[in-house]
Amino acid sequence: MNAEQKHHLKHIDRTVVWHPFTQMQDYAREEPVVIARGEGVYLEDIDGNRYLDGFSSMWCNVHGHRVAEIDRAICNQLDRVAHSTLLGLSNIPAIQLAAKLVQLAPSGLERVFYSDSGATAVEIALKMAFQYWQQCENPRSQKTAFLHLTESYHGDTVGAVSIGGIAHFHRLYRPLLFSAIAAPAPHPYRCEHCRGSCDKTCFDALEQTIAEHAHRLAALIVEPLVQGAGGMFMHPPGYLKRAADLCRKHGVLLIADEVATGFGRTGTMFACERESVAPDLLCLGKGLTGGYLPLAATLATDEIYNAFLGDYADMKTFFHGHTYTGNPLGCAAALATLEKFETDRTLEKLQSKIAHLADQLARFRTLKHVGDVRQTGFIAALELISNRASKTPYPFEDRIGHRVCDIARQNGLLIRPLVNTIVLMPPYAISKREIDHMLDIVFSAIQTVTEGDAQ
Ligand SMILES: *Cc1c(COP(=O)(O)O)cnc(C)c1O
């Protein structure tokens, strides 16, 4: 590609493409990074700059880019058929993948409903939970409300936003949304309750809310172990288990949104495994295809599934579907991704990388504007604060997280902040040396931005 062609591409990008979660007024002023290719844990732009993919291309890449087995699986499927619908028909990879997902998922999840993004997987879970209570053996028609945690994130479609708790994303849309009930998110660093030592009052707050509203609650939806987009809140051990027990006790369904935590991100295939929790509904997306293609799935128990059975005229059908539901290329990519977990023993090898990341993160605690260093599995978060003693955040308009990530990018690392929190979430294929390199770049970028010098 010559200089003129590159310039033209960037011009069209600035003037035609509307980027998600992006203030386009700022974007139009900056030089766009146009990715041309990837290889392993690296991405390369049209100008030949190479970047370490420190955020797994928005939390979805697993084994790296251009993985031979996944590339081949997609090409092989392409030789047969690219797409055919699941409405009234089936296809080979969709069947094989469903069997695989049921085998891997927490016990009791026996039915797989496909869609194409995390948000749709959540919408489907919400509608299934709602409809379940209307049609189950002893219908409870008043159970129509949903409980979520504050600072929750479940996607950007209107139903998912209704159970979202991030004010700066969600507040504006209030008039459009169905009302939902929120319980306080447990967040050890900024806990209102414990001030240092956890006395588990957040557990009690959840219990109170569930007990008070159980008669009208269809379901509780949670991001197990780690609340992602809200700022990487890492829940105290036992919280998920307690939530599951409370749901069981009070007759409330549990929806686990593992769109971000699923497929090894927390160190086990699913975060629910860490606390031996088996939800009633499980939402999967992001890493499902190894970060290759848009595919998502909602898994349900037989108990829920059975409530949708009946004579056609009973109108118990789940009247929901998407055009590309169960897309064969996506399912083939997912099958190859899951197979590679086994052949490469990915999760086994990931454990020492998780430990290495933990060791190497320790030095960030010496930086005076890093208030909290937290990690669950292969998710690390560094919360920047203007004053450490008072935990005072930087003002929103300072764009402190963005400034750190901009400098990291200039030094060959792609990451995205969550306001003032720097998130590190590389593909599992990253080596220990590359982890060190990634951390070196982040360390000096934080120093430069928060202390005004590089060393
Ligand atoms: C990203 C995310 C979603 C939404 O997934 P999309 O594919 O972006 O629609 C839902 N839930 C959680 C926990 C997520 O992190």
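Residues numbered from 1 in each chain as written. Predicted model: local features only at pLDDT ≥ 70, side-chain atom pairs only at ≥ 80, totals over all residues. Heavy atoms only, no water.

Asker: What am I meant to see in the packing of aromatic side chains here?
Answerer: For any pair of aromatic rings, geometry is given as the distance between the ring centres together with the angle between the planes. Tallying each qualifying case throughout the model produces eleven aromatic pairs. Taking 5.7 Å as the distance between ring centres and 90° as the angle between the ring planes, the aromatic pair formed by Phe308 and Phe318 counts as edge-to-face. Here Phe308 is found in the loop between α11 (302-306) and α12 (328-343), whereas its partner Phe318 is found in the loop between α11 and α12, with ten residues between them in sequence. Of the two residues examined, Phe308 and Phe318, each falls in the buried class. Here the aromatic cluster, defined as three or more aromatic residues joined through ring pairs, consists of Phe21, Tyr153 and Phe169. Over the ring of Tyr42 we find Arg50; its NZ or CZ atom is 3.9 Å from the centre of that ring. Taking the ring centre of Phe443 as reference, the NZ or CZ of Arg363 above it sits at 5.0 Å. (Phe/Tyr/Trp six-rings, centres within 6.5 Å; stacked < 30°, edge-to-face > 60°. Helix = DSSP H or I, 4+ residues; strand = E, 2+ residues; numbered from the N terminus. Buried < 20%, exposed > 50% of the residue type's maximum accessible area, 1.4 Å probe, protein only. Lys NZ or Arg CZ within 6 Å of the ring centre and 35° of its normal.)

Asker: Could you clarify how one ought to interpret unusual backbone geometry in this entry?
Answerer: Excluding glycine, most residues fall at negative phi; most peptide bonds, likewise, are trans. Positive phi is not limited to glycine here, since Glu151 has a value of about 65°. Position of Glu151 among the secondary structure elements: in the loop between β5 (145-149) and α7 (158-162).

Asker: Explain the environment of Gly230 to me, please; I cannot follow it from the model alone.
Answerer: As for its position among the elements, Gly230 is in the loop between β8 (226-227) and β9 (233-234). Classification of Gly230 by relative accessible area gives buried; the value is 17%. Sequence spacing of Gly230 and Phe169 is 61 residues, and the spatial spacing of their C-alpha atoms is 9.8 Å. Sequence-distant contacts of Gly230, defined by excluding residues within four places in its chain, comprise Glu151 and Ile166. (Contact = heavy atoms within 4.5 Å.)

Asker: It is not clear to me how the site of the ligand should be interpreted in this structure. Could you clarify?
Answerer: Near the ligand the following residues occur: Trp59, Ser117, Gly118, Ala119, Tyr153, His154, Gly155, Glu223, Asp257, Val259, Ala260 and Lys286. In the model, an oxygen atom of the ligand is placed 2.8 Å from a nitrogen or oxygen of the Ala119 main chain. Within the side chain of Lys286, an N or O atom sits 2.6 Å from an oxygen atom of the ligand. Contact with the protein chains hides 82% of the accessible area of the ligand, taken as 380 Å² for the molecule alone. (Near = heavy atom within 4 Å. Polar contact = N/O pair within 3.5 Å; in protein donor to acceptor, adjacent residues only side chain to side chain. Areas by Shrake-Rupley, 256 points an atom, 1.4 Å probe, with all protein chains shown as cover.)

Asker: Could you clarify how one ought to interpret the sheet that holds strand β1 (residues 35-39) in this entry?
Answerer: The mixed open sheet is built from four strands, whose spatial order is β1-β2-β3-β16. Strands with a single pairing partner mark the edges of an open sheet, and in this sheet they are β1 and β16 (413-414). Direction of pairing for strand β3 (residues 50-53) relative to β16: parallel, over a ladder of two bridges. Directly across from Asp53, in β16, lies its bridge partner Leu414. (Pairing = 2+ DSSP bridges.)

Asker: Any chance you could explain the sheet that holds strand β12 (residues 296-301) here in plain terms?
Answerer: Hydrogen bonding along the main chain pairs the strands of a sheet, whether they run parallel or antiparallel. Read from one edge of the open sheet, seven strands run β4-β12-β11-β10-β7-β5-β6, paired in mixed fashion. Of all the strands in the sheet, the pair left with one neighbour each is β4 (109-115) and β6 (181-183). Between one strand and the next, the sheet's axes are offset by a mean angle of 20°, whatever the strand orientation. Taken strand by strand, helix α6 (residues 118-135) contacts β4, β5, β7 (217-222), β10 (253-257), β11 (281-284) and β12, and its axis lies near 25° from that of β12. This element, helix α9 (residues 201-213), spans β5, β6 and β7 of the sheet and lies at about 155° to β6. (Axes fitted to C-alpha atoms, helices over the stretch in contact; angles between N-to-C directions.)

Asker: It is not clear to me how a nonpolar patch on the surface should be interpreted in this structure. Could you clarify?
Answerer: A surface patch of nonpolar side chains, amounting to about 440 Å² of accessible area, comprises Val158, Leu172, Tyr173 and Leu176. Within the secondary structure layout, Val158 lies in helix α7. (Patch = residues over 30% accessible without salt bridge, like charges linked within 9 Å, V, L, I, M, F, W, Y side chains within 5 Å. Salt bridge = Lys/Arg side-chain N within 4 Å of Asp/Glu carboxyl O.)

Asker: Explain the packing of helix α4 (residues 68-78) against α12 here, please?
Answerer: Direction vectors running N to C along α4 and α12 enclose 150°, while the axes themselves pass 8 Å from each other. Taken as axis vectors, α4 and α12 run roughly antiparallel relative to one another. Where α4 crosses over α12, the two elements pack in a sense that is right-handed. Contacts from Glu69, Ile70, Ala73, Ile74, Gln77 and Leu78 of α4 reach α12 at Pro328, Leu329, Ala332, Ala333, Ala336, Thr337 and Lys340. For the contact of α4 with α12, the per-class residue count stands at nine nonpolar, two polar and two charged. (Parallel < 35°, antiparallel > 145°, perpendicular 65-115°, else oblique. Left-handed = near helix turned anticlockwise from the far one by under 90°. Nonpolar A, V, L, I, M, F, W, Y, C, P; charged D, E, K, R; others polar.)

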